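Residue-level structural notes
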Amino acid sequence: MKAAVLEAVATIRDNPRPLSFVELPTPVPGPGQILVRVSACGVCHTELDEIEGRTPPVCLPFILGHQIVGVVEVLGPGTTRHRMGERVGIGWIGWACGACSSCLSGDDNLCPDFRATGRDLPGGYARYVAVSERFAFAIPERFTDAQAAPLLCAGAIGWRSLRLARLKDGDPLGLTGFGASAHLVLQLARYQYPSSKVFVFARAAAQRHFALSLGADWAGDIDDSSPVKIAAVIDTTPAWRPLVAALSNLAPGGRLVVNAIRKEDADRGELARLDYAEHLWLEKEIKSVANVASRDIEEFLALAARIPIVPDVQEYSFAEANRALCELKAGQNRGAKVLRM
Ligand SMILES: [Zn+2]
Ligand SMILES: [Zn+2]
């Protein structure tokens, strides 16, 4: 099968073509696994974290990609949950033990044996992928393959982030960064919290315009002060400066939810600006999001179809994977990027 593999960890600046296209044997599904013929795979900022070494794959060369949409082509031994020809999606959660206290309480994303699709287990930048059937989910009919891809990570993690924000209807919500995840969270928040005002903080003017077109009440730059203090801010940026800025916009008792698997080091010095009185006092909280539990994906897919959420998708051919990654790194993005296989 054709696959794009990461052969070495390096910055995009040093190696703007991080993936190589190779022929590999088509995987054979083991017990409890299904073979999926991939039709679309979303491009996530986490791929940049893997490529640049902030959360590197378990070995090299390796197939990245964890917003996978495809069709079940082979049922492995002992599988019961899916049928041949079914359209399924797979997100970052590729495996968890199913027996520890985290798994049993529905937070299998916190399982000590958690394994990530496209980092610990081969991912979807390939023609085929073998996955555990427990972590593949039926895709609602109303979405195309390309539309469904960003729902599996950007959307599902947005859903988890919004839950962890513990907003009440009417509470002001802030979104710092306006990429693939935030443009879905904005649509979700509009539905879940119709009386809440949404404030968007984004570096690029195009992203601020896009946010306003999707119904944001206000859009400003990362360092701007919001017109009112905000009950919860969800940060989806790779940097530290926006995090410090968000803390000063929080209302007393407010909560900053950081939706990022890793932060980049470039502006780490910004943390030295943290002032206890301005940024933390009055019971402000910081909560990280450890990506998604399997129930987040399942719940979000159903909710997204019901609302319905309309993902804004920029499609690339599989051969253009390196270009998609470089453009994501450059930060001038609208909506979500998806590779068509
Ligand atoms: Zn992701
Ligand atoms: Zn577990």
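Report on the accompanying structure. (Residues numbered from 1 in each chain as written. Chains lettered and ligands numbered in written order. Predicted model: local features only at pLDDT ≥ 70, side-chain atom pairs only at ≥ 80, totals over all residues. Heavy atoms only, no water.)

Right, let's talk about the coordination of the zinc ion (ligand 1) for a bit. Every protein donor of the zinc ion (ligand 1) is listed here as Cys44 (SG), His66 (NE2) and Cys153 (SG), and their distances to the metal cover 2.0 to 2.2 Å. Judged by its relative accessible area of 12%, Cys44 is buried. Overall, His66 belongs to the buried group, its relative accessible area being 0%. (Donors = N, O, S within 2.8 Å, 3.2 Å for Na, K, Ca; no water. Buried < 20%, exposed > 50% of the residue type's maximum accessible area, 1.4 Å probe, protein only.)

With that settled, the discussion passes to the coordination of the zinc ion (ligand 2). Coordination of the zinc ion (ligand 2) by the protein is provided by Cys97 (SG), Cys100 (SG), Cys103 (SG) and Cys111 (SG), with metal-donor distances spanning 2.3 to 2.4 Å. With four donor atoms in place around the zinc ion (ligand 2) and angles of 107 to 114 degrees between them, the coordination shape is tetrahedral. Along the chain, the residues donating to the zinc ion (ligand 2) are arranged with the sequence spacing C-x2-C-x2-C-x7-C. Residue Cys100 is found in the loop between strand S6 (93–95) and helix H2 (101–104), and its partner Cys111 is found in the loop between H2 and strand S7 (115–116); the two are separated by 11 residues along the sequence. Cys111 shares its class with Cys100; the two are buried. (Tetrahedral: all angles 85-135°; square planar, octahedral: opposite > 155°, others 65-115°. Helix = DSSP H or I, 4+ residues; strand = E, 2+ residues; numbered from the N terminus.)

Summarising the element assignment, Ser226 is placed in the loop between strand S12 (218–220) and strand S13 (230–235). At a separation of 2.6 Å, a polar atom in the side chain of Ser226 contacts the main-chain carbonyl oxygen of Val228. When sequence neighbours within four positions are dropped, the list of residues in contact with Ser226 reads Phe201, Trp218 and Asn249. (Polar contact = N/O pair within 3.5 Å; in protein donor to acceptor, adjacent residues only side chain to side chain. Contact = heavy atoms within 4.5 Å.)

Along the chain, the position of Val313 falls in strand S16 (residues 313–317). Sequence-wise, Val313 and Arg37 are 276 residues apart; in three dimensions their C-alpha atoms are separated by 21 Å. Apart from residues no more than four positions distant in its own chain, Val313 is found in contact with Ala146, Gln147, Pro150, Ala336 and Val338.

Burial analysis of strand S14 (residues 250–258) places seven of its nine residues in the buried class, the great majority of the element. Pairing analysis gives five bridges linking S13 to S14, with the strands arranged parallel. Within the sheet, the bridge partner assigned to Ala232 lies in S14 and is Arg255. Once you follow S13 into helix H6 (residues 241–249) and on to S14, the crossover reads as right-handed. Examined bridge by bridge, S14 and strand S15 (residues 285–288) share four bridges and lie parallel to one another. Residue pairing in the sheet places Arg255 in a bridge with Glu285 of S15. (Pairing = 2+ DSSP bridges. Right-handed = clockwise from strand over helix to strand, strands pointing away.)

This part covers the pattern of salt bridges. Per the stated rule, a full pass over the model turns up 26 salt bridges. Put simply, Glu264 and Arg54 hold a salt bridge, and the shortest N to O gap is 3.5 Å. On the criterion of sequence distance, the pair formed by Glu264 in the loop between S14 and helix H7 (276–280) and Arg54 in the loop between helix H1 (45–51) and strand S4 (68–75) is long-range, its members being 210 residues apart. By relative accessible area, Glu264 is classed as buried at 16%. Via salt bridges that share partners, Arg203, Asp221, Asp223, Arg241, Glu270 and Arg273 belong to a single interconnected network. (Salt bridge = Lys/Arg side-chain N within 4 Å of Asp/Glu carboxyl O.)

On to unusual backbone geometry. Here the residue pair Leu60 and Pro61 is connected by a cis peptide bond, since its omega of -5 degrees sits within 30 degrees of zero. Looking at the secondary structure, you find Pro61 in the loop between H1 and S4. A cis amide bond links Ile307 with the next residue in sequence, Pro308, at an omega value of -20 degrees. Note that Pro308 resides in the loop between helix H8 (294–306) and S16. Despite not being glycine, Asn291 has its phi angle at roughly 55 degrees, a positive value. Under the relative-accessibility criterion, Asn291 is labelled buried at 6%.

Let us now look at the sheet that holds S15. Pairing within the open sheet is parallel, and its six strands lie in the order S12-S11-S10-S13-S14-S15. Looking at strand neighbours, the two that pair on one side only are S12 and S15, the edges of this open sheet. Going across the sheet, the axis of each strand differs from the next one's by a mean of 20 degrees, ignoring polarity. In this fold H6 packs onto strand S10 (173–176), strand S11 (198–201), S13, S14 and S15, with an angle of close to 155 degrees to the strand it touches most, S14. (Axes fitted to C-alpha atoms, helices over the stretch in contact; angles between N-to-C directions.)

What follows covers a nonpolar patch on the surface. A grouping of Tyr276, Trp281 and Leu282 is seen on the molecular surface, where their side chains present a nonpolar patch of about 370 Å² in accessible area. One can find Trp281 in the loop between H7 and S15. (Patch = residues over 30% accessible without salt bridge, like charges linked within 9 Å, V, L, I, M, F, W, Y side chains within 5 Å. Areas by Shrake-Rupley, 256 points an atom, 1.4 Å probe, with all protein chains shown as cover.)

Right, let's talk about the packing of aromatic side chains for a bit. Going through the model one piece at a time under the given rule, you end up with four aromatic pairs. Here Phe178 and Phe210 contribute two aromatic rings whose centre-to-centre distance is 5.8 Å and whose plane-to-plane angle is 75 degrees, an arrangement assigned as edge-to-face. Residue Phe178 is found in the loop between S10 and helix H4 (180–192), and its partner Phe210 is found in helix H5 (residues 205–213); the two are separated by 32 residues along the sequence. You can call Phe178 buried: its relative accessible area is 1%. In this structure an aromatic cluster arises from ring pairing among Phe199, Phe201 and Trp218. Here the guanidinium or amino end of Arg115 rests over the ring plane of Trp95, the centre of that ring lying 4.7 Å away. (Phe/Tyr/Trp six-rings, centres within 6.5 Å; stacked < 30°, edge-to-face > 60°. Lys NZ or Arg CZ within 6 Å of the ring centre and 35° of its normal.)

Nothing here speaks to function; it is geometry throughout.
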